[in-house]
Amino acid sequence: MSLLRDGYSPENFREKGHKLIDLLADYLSSQQQYSSKVFTKFEPEALTRVWEEKLHSGASFSEILDQFTEDSIHLHHPRYMGHQVSPVLPTAALADLVSALLNNGVGVYEMGSPTIAMERIVIQKIANQLGFSESAGGFLTSGGTLGNLTALLTARQQKAGKNAWKNGTAGQQYAVIVSEQAHYCIDRAVKIMGWGDEGVVKIPVDGSFRMDISSLEKAYNSSIAEGKKIIGVVGNACSTATGSFDPLEEIADFCADHNLWFHIDAAHGGAAAFSEKHASLLDGINRADSVVVDFHKMMMAPSLVTGVIFKESQHSYQTFSQQAKYLWDKEDAEWYNLGKRTFECTKDMMALKIFMSFQQYGPKLFEEIVDELFAKGRLLGKLITERSQFELAVKPQANIVCFRHLPRHGKDINEHNRRIREKIIENGEFFLVQTELNDNVYLRTSLMNIFTTKNDLKQLLDHIEETGIDII
Ligand SMILES: *Cc1c(COP(=O)(O)O)cnc(C)c1O
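Residues numbered from 1 in each chain as written. Predicted model: local features only at pLDDT ≥ 70, side-chain atom pairs only at ≥ 80, totals over all residues. Heavy atoms only, no water.

Outline the overall build of the chain, supporting the account with residue identities and numerical values.
For the chain, the helix and strand inventory stands at 15 helices and eleven strands. Since a compact globule built from 472 residues should have a radius of gyration of about 23 Å, the 24 Å found for the chain is in line with a globular shape. Along the longest, intermediate and shortest principal axes, the C-alpha atoms of the chain span 70 × 60 × 45 Å. Evaluated residue by residue, the chain yields a buried proportion of 52% over its 472 residues. (Helix = DSSP H or I, 4+ residues; strand = E, 2+ residues; numbered from the N terminus. Rg over C-alpha atoms; globule rule 2.2 N^0.38 Å. Buried < 20%, exposed > 50% of the residue type's maximum accessible area, 1.4 Å probe, protein only.)

I'd like a description of the pairing of strand β6 (residues 290-294), backed by residues and values.
Consecutive side chains of a regular strand alternate in pointing toward one face of the sheet and then the other. For β6, a buried count of five out of five residues is recorded, marking the element as mostly surrounded by other parts of the structure. Burial along β6 is two-sided: the face carrying Ser290, Val292 and Asp294 and the face carrying Val291 and Val293 are both buried. The pairing of strand β5 (residues 261-265) with β6 spans three bridges and is classified as parallel. Its bridge partner lying in β6, His263 is registered against Ser290. In the sheet, β6 pairs with strand β7 (residues 306-310) via five bridges, with the strands oriented antiparallel. Within the sheet, the bridge partner assigned to Ser290 lies in β7 and is Phe310. (Pairing = 2+ DSSP bridges.)

For the side chain of Asn148, give the residues involved together with the corresponding values.
Mapped onto the secondary structure, Asn148 falls in helix α7 (residues 144-159). There is a polar contact of 3.3 Å between the side chain of Asn148 and the side chain of Asp265. Those residues in contact with Asn148 that sit more than four places away from it in its chain are Cys185, Ile186, His263, Asp265 and Val292. (Polar contact = N/O pair within 3.5 Å; in protein donor to acceptor, adjacent residues only side chain to side chain. Contact = heavy atoms within 4.5 Å.)

Break down the sheet that holds strand β1 (residues 137-141) for me, citing the residues and quoting the values.
Strand order across the open sheet formed by seven strands is β1-β7-β6-β5-β4-β2-β3, with mixed pairing between neighbours. Strands at the two margins of the open sheet, each flanked by one partner only, are β1 and β3 (200-203). Along the sheet, successive strands turn relative to each other by an average axial angle of 20°, direction set aside. Strand direction decides the pairing type here: strand β4 (residues 229-236) and β5, joined by five bridges, are parallel. (Axes fitted to C-alpha atoms, helices over the stretch in contact; angles between N-to-C directions.)

Which residues make up helix α5 (residues 90-102), and what values go with them?
Its 13 residues give α5 an end-to-end C-alpha distance of 19 Å, which sits within 8% of 18 Å, the value for a rise of 1.5 Å per residue. Of all the positions in α5, only Thr91, Ala92, Ala95 and Ser99 are classed as buried. Projected down its long axis, α5 shows its buried positions confined to an angular sector of 95°, all on one face. Of the residues in α5, the exposed ones pointing more than 90 degrees away from the buried face are Ala100 and Leu101. In this fold, the buried residues of α5 make contact with α12 (350-361). In the segment just after α5, Asn103 is the residue with positive phi, at about 50°. (Expected span 1.5 Å × (residues − 1). Arc of directions from axis to C-beta.)

I'd love a proper account of the pattern of salt bridges, names of residues and values included.
Enumeration over the complete set of coordinates arrives at 20 salt bridges. A salt bridge links Lys19 to Glu15; its shortest N-O distance comes to 3.5 Å. In this pair, Lys19 and Glu15 both sit in helix α2 (residues 10-32), four residues apart, roughly one turn of the helix. Classification of Lys19 by relative accessible area gives partly exposed; the value is 44%. For Glu249, the salt bridge is made with Arg287, and the minimal N-O distance between the two is 2.8 Å. Of this pair, Glu249 sits in helix α11 (residues 248-258) while Arg287 sits in the loop between β5 and β6; the two residues are 38 residues apart in sequence, bridging distant segments of the chain. (Salt bridge = Lys/Arg side-chain N within 4 Å of Asp/Glu carboxyl O.)

Go over the packing of aromatic side chains, please, and point to the residues and values.
Evaluation of the coordinates by the stated rule reveals 14 aromatic pairs. Each ring, one from Tyr80 and one from Phe431, has its centre 5.7 Å from the other, and the planes form 10°; the classification is stacked. Here the residue Tyr80 occupies a position in the loop between α4 (61-71) and α5, and Phe431 occupies one in the loop between α14 (413-427) and β10 (433-437), the gap between them amounting to 351 residues. As far as burial versus exposure is concerned, Tyr80 and Phe431 are alike and both buried. Between the aromatic rings of Phe139 and Phe310, the centroid separation amounts to 6.0 Å while the plane-to-plane angle is 45°, which identifies the pairing as tilted. One end of the pair, Phe139, is in strand β1; the other, Phe310, is in strand β7, and 171 residues separate them in sequence. An aromatic cluster of at least three residues, connected via ring pairs, comprises Phe39, Tyr80 and Phe431. Against the face of Phe61 rests Lys16, its NZ or CZ located 5.1 Å from the ring centre. Sitting over the ring of Trp335, Arg120 keeps its end group 4.1 Å from the ring centre. (Phe/Tyr/Trp six-rings, centres within 6.5 Å; stacked < 30°, edge-to-face > 60°. Lys NZ or Arg CZ within 6 Å of the ring centre and 35° of its normal.)

Tell me about the site of the ligand, and name the residues and values.
Around the ligand, 15 residues are found, and the nearest of them are Gly144, Thr145, Asp265, Asp294 and Lys297. Taking Thr240, its side chain carries an N or O atom lying 3.1 Å from an oxygen atom of the ligand. Out of a free accessible area of 380 Å², the ligand has 88% covered by protein chains. Ranked by residue count, the leading element in the shell around the ligand is α7, at three residues. (Near = heavy atom within 4 Å. Areas by Shrake-Rupley, 256 points an atom, 1.4 Å probe, with all protein chains shown as cover.)

Rendered as structure tokens:
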């Protein structure tokens, strides 16, 4: 058989597929049973050599993927507490496989009609949950970074006072106001729009790392005095570093008073809208002009699936008001020709991965995960305050917890915590990250896994203590 015919053989696919599902099911089960460490540190050059050898080894499909899963970081391990990506819901992973094989392009209606219908439904669901009216709408895109850029391009188009997309923005310094805890992608989006360093006006945060509203007016006025035109304000819901929710109602009031675009980066925390217990953290979100929500963070989808939701759906059609005649016959706003509104041309069949979770389990699934994970965050916060050798950066509002271990007197606390994090990574029993707050180093955990127990959290703190003693 030719290589290609072998490659496309349905029977080969069936055989490999069955083996693969078995391998992954065993993997899931072994992770839930702590059968391996969560993380193995490899030296990048050495690891490249290992895989170079494998490329020519003649190893089977299963052997390679077995090794691959083993060497990877294990998000389904209960002691994975690092970055905010989710241990994917197996149902969503299976849907992803279908998307991978069908590979419908989704940018134009003919390419992936069912996904496009699903995308509208999924966006409507999340828009309703956020408290928007019928006039809201939006689309899915590849990640929060791109979602924030797209929303800010829309903000620019709406508030620049001219057709910025068509004529550019030369001759005027534009800017957005953010808190100093905004995700770095906002800064990057502004730079991509060509506004430079001056395009981001950063205002301080309060003791809980929430935007300090009392600084808004002053920052706005001094920016205007410097000749800047402020387009809008970006609120965090929640912030990446500490999981702090900005006071959205107050920001909404400010934006209304000054005719500014209100964008909310709810990449991580938007899912809280599904929780009766925690939805109030998002009070005011339905007054935003645009909101970004990552489904691959709190909503268990494989990366990347991000919702960009606009209070007025029609705004999203003006972002890239550019025509590609060979793709669309008509110039009017056809919601089902998604490429008119998204950055992507060819796009992954994202909606299927969310739709299947909704369809199989309902929105209650998302309420459960938010409630469980936020409870774990708060529990860890409590356990930390009970130990005198630890200091909590801020009482957690969500499932992100920042804290540090206090060394015995005379030692540099930042260096001490940096070393602890290094040693934890080298050891691999736990995985967590670090961040800097007010120029100090903190250990940072995002509790993403429902299988993380109270015992795991206690043992994490024990482990840190033991590691801390060893550091002279
Ligand atoms: C994760 C995150 C982002 C970036 O989203 P990606 O999907 O990783 O591109 C942006 N903002 C916030 C608040 C985040 O937590």
